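# An overview of the molecular structure
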Amino acid sequence: MKLFLDTANLEEIRTIKKWGVLGGLTSNPTLIAKESPTDIETYMKELCAEVPGPVSLETTHEHADDIYEEGLRLAAVADNAVVKVAMTPDGLEAGKRLADRGIPVNVTLVFSPAQAILAAEIGATYVSPFLGRIDDVGSDGMFALAEICQVYEAQGYETNVLAASLRLPMHVVEAAKLGADVATMPFDVFTKLVKHPLTDAGLTKFLSDWKALEASLRGKEGA
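Residues numbered from 1 in each chain as written. Predicted model: local features only at pLDDT ≥ 70, side-chain atom pairs only at ≥ 80, totals over all residues. Heavy atoms only, no water.

## Re the packing of aromatic side chains
For the structure shown, the criterion picks out four aromatic pairs. The interplanar angle of 65° and the centroid separation of 6.2 Å between the aromatic rings of Phe-4 and Tyr-126 together place this pair among those described as edge-to-face. Here Tyr-126 lies in strand 6 (residues 126-129) and Phe-4 lies in strand 1 (residues 2-6), a separation of 122 residues in the sequence. A single burial state applies to Phe-4 and to Tyr-126, both of which are buried. For the ring pair Tyr-152 and Tyr-157, a centre distance of 5.2 Å and an interplane angle of 75° mean the geometry is edge-to-face. With relative accessibility at 5%, the residue Tyr-152 sits in the buried group. Here the basic side chain of Arg-97 rests over the ring of Tyr-68, its NZ or CZ set 4.0 Å away from the ring centre. (Phe/Tyr/Trp six-rings, centres within 6.5 Å; stacked < 30°, edge-to-face > 60°. Helix = DSSP H or I, 4+ residues; strand = E, 2+ residues; numbered from the N terminus. Buried < 20%, exposed > 50% of the residue type's maximum accessible area, 1.4 Å probe, protein only. Lys NZ or Arg CZ within 6 Å of the ring centre and 35° of its normal.)

## Concerning the sheet that holds strand 2 (residues 24-26)
Reading around the barrel, the eight strands line up as 1-2-3-4-5-6-7-8 and close back on themselves, with parallel pairing between neighbours. When the angles between neighbouring strand axes are averaged without regard to direction, this sheet yields 30°. Sheet topology note: the strand 5 (residues 105-110)/strand 6 ladder contains three bridges and is parallel. Within strand 6, the residue paired with Asn-106 across the bridge is Tyr-126. Helix-sheet contacts for helix 3 (residues 40-50) involve strand 2, strand 3 (55-58) and strand 4 (81-86), and the interaxial angle to strand 3 is about 160°. Against the sheet, helix 5 (residues 89-100) touches strand 4 and strand 5, its axis set at about 155° to strand 4. (Pairing = 2+ DSSP bridges. Axes fitted to C-alpha atoms, helices over the stretch in contact; angles between N-to-C directions. Contact = heavy atoms within 4.5 Å.)

Okay, structure coming up:
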């Protein structure tokens, strides 16, 4: 399973990139607006240049022709750009046209297996079920993910399941167990993946013992 970062913050991207595990990036209009770029296209190019993998850039129009034209512009931002379209009739129409041109498409704001089937049928490269938001309305996001993965396996769909709206490290683990191809998460969740109290305690003990050994050896040298 590939690990994507869900952000538009360059410093967050650079931090995770140094770990050697960053597989790609998802962004949206809200995340980019949060960074207050002076030039949106230039900023998108910076995001794509920084990430060693696919970068999802989301369309902001509602009608199919406008979504399609914007998608063409987003795809031209960089070779690793992926066009995000919303799960709406117009989004599907535009997404199909883009996919037919060989442009990678990510269908976003997906909340059900039925919607995921539609994304696969238009030839989307990614489908993004929003698991945390499903939980927010009293349903089970992981159950929805399991159903989507089951349907995709049964039908042999090539669309990648991109588990989104993940809010805890365990969500990432569960997504991996259920067969998601990609998990995307905010910086806070990504940094928590590496944390464990036993790791911290073990490292503290190892370093303490090593320093004690070095001090003992220096003492013998000075005797």
